[in-house]
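# Coordinates in review
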Amino acid sequence: MTRAFAAIAFAAVAAAPTIVAADESGISFWIPGTFGSLAATPQQPGWTAAAIYYHTSVSAGGDVARAREIQIGRIPVNLTATLSANVNANVDLGLLNATYVFSTPVLGGQASASLIGIYGANTTSLNGTVTGTLTLPGGGTIPFSRADSISDSVMAFGDLIPQFALRWNAGVNNYMTYVMGDIPVGAYQSTRLANIGLGHGTIDAGGGYTYFNPQTGHELSGVLGFTYNFKNTDTQYQSGVDMHFDWGASQFLTKQVQVGLVGYVYKQLGCDSGSGDRVGCFRSQVAAAGPQVGFIFPVGDMQGYLNLKAYKEFAAENRPEGWNAWVTFVISPAAPPPAVTPTKHVITK
């Protein structure tokens with residue numbers, strides 16, 4: 001029965017899209033909800049493909065708005081400013097993920113390699129009033145005040161995201177480790193309010209555990225990861241190390257229907273740095289939880305899986321807060337039929 005859920009295991013790690021910019025504007029490389037239920041369970045060997053629709057609507061107040069205005073060059077570096085403003089963003093992404101699961105064991109586990117491509121739209125607006133004092137070269141100051149209303153949108157390709165993972169199974173216990181990164185080839189401009197690409201490279205690595213009992217249908221998963229951000233050469237800004245934890249808990253009502261909860265916790269551990277660091281440490285955090293439902297069904301000789309999940313965020317600091325939703329459709333090789341043991345006939349005389 002475990003093999004029958006290979007597509008779900010793939011869907012649990014099928015997407016890691018990149019949105020807007022790094023922690024310098026309160027957004028991380030890791031996207032909330034990247035991992036989910038059955039993340040550590042083995043997958044079916046061969047090629048697997050996933051199509052994912054991701055939507056997020058978030059908003060933030062003065063601190064994030066001020067950081068965004070500094071980043072795009074709307075607030076001078078030598079301005080001591082108070083900003084009464086709000087940032088609102090709506091992002092819609094389509095992702096295609098191709099994964100190959102190797103049949104030959106690696107370090108006693110199952111290896112897989114993935115590549116994710118992104119295309120989508122980002123609409124971001126900022127409205128508010130900036131007041132403060134501008135420091136002059138001689139040391140004097142002058143008052144400064146300005147009303148800002150900025151709106152920006154972009155529709156373009158995002159970055160490429162490769163990933164490599166290993167998984168091990170021991171009965172109802174499953175373990176995994178992964179490494180992934182960002183190849184910054186997507187649409188990005190440091191002076192633009194809305195972006196699809198990240199603007200710099202990253203390395204993200206971690207590990208996870210899944211408890212899954214096929215007899216009872218009980219499942220519980222957790223994946224902990226850390227992101228190292230390289231310097232953004234356009235802004236000379238380097239974000240600190242991020243920590244993120246995704247979790248999922250579900251119950252299989254039947255072999256084809258799954259219901260449960262998902263959630264995540266994100267915390268930036270290290271301060272930002274570089275000559276572009278003009279907003280202080282600016283460490284961000286957020287948490288979220290929400291429902292999920294999944295369906296398994298045949299697609300010709302393959303196996304299909306459809307998953308819908310949504311998150312409501314809370315406890316945000318120095319980061320936009322809102323909600324996001326995922327629709328994931330996966331096609332993977334079907335599990336082989338169980339081996340049939342020949343019936344032995346006893347002949348008596």
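Keep in mind the model is a prediction, meaning the values are calculated, not measured.

A few words on the overall build of the protein chain. Helix and strand counts for the protein chain stand at two helices and 13 strands. Within the protein chain, buried positions represent 52% of all 349 residues. Within the protein chain, contacts between residues separated by at least 24 positions form 70% of all contacts whose residues are at least 6 apart in sequence. As displayed, the protein chain offers around 14800 Å² of accessible surface, 63% of which is attributable to carbon and sulfur atoms.

This brings us to the confidence of the model for the protein chain. Mean pLDDT over the protein chain works out to 83, with 77% of the residues at or above the 70 mark. Contacts for the low-pLDDT stretch residues 15–24, under 50 throughout, to residues beyond four places or in other chains number 69 contacts.

Bringing the pairing of strand E13 (residues 321–333) into the picture now. Relative to E13, strand E1 (residues 46–60) is paired through 11 bridges, and the arrangement is antiparallel. Looking at E13, one finds that Ser 57 is bridged to Trp 323. Summarising the sheet, strand E12 (residues 302–317) and E13 pair through 11 bridges and their orientation is antiparallel. Residue pairing across strands places Met 302 opposite Pro 333, the latter belonging to E13. Linking E12 to E13, which pair antiparallel, is a turn of three residues; within it Asn 318 sits at a positive phi near 55 degrees.

On the secondary structure map, Ser 250 appears in strand E9 (residues 242–252). Taking relative accessible area as the criterion, Ser 250 reaches 7% and is therefore assigned buried. Looking at Ser 250, its side chain comes within polar contact range of the side chain of Glu 219, at 2.5 Å. A polar atom in the side chain of Ser 250 sits 3.2 Å from the side chain of Gln 258.

Reading guide: rules and limits
Residues numbered from 1 in each chain as written. Predicted model: local features only at pLDDT ≥ 70, side-chain atom pairs only at ≥ 80, totals over all residues. Heavy atoms only, no water. Helix = DSSP H or I, 4+ residues; strand = E, 2+ residues; numbered from the N terminus. Buried < 20%, exposed > 50% of the residue type's maximum accessible area, 1.4 Å probe, protein only. Contact = heavy atoms within 4.5 Å. Areas by Shrake-Rupley, 256 points an atom, 1.4 Å probe, with all protein chains shown as cover. pLDDT = per-residue confidence, 0-100. Pairing = 2+ DSSP bridges. Polar contact = N/O pair within 3.5 Å; in protein donor to acceptor, adjacent residues only side chain to side chain.

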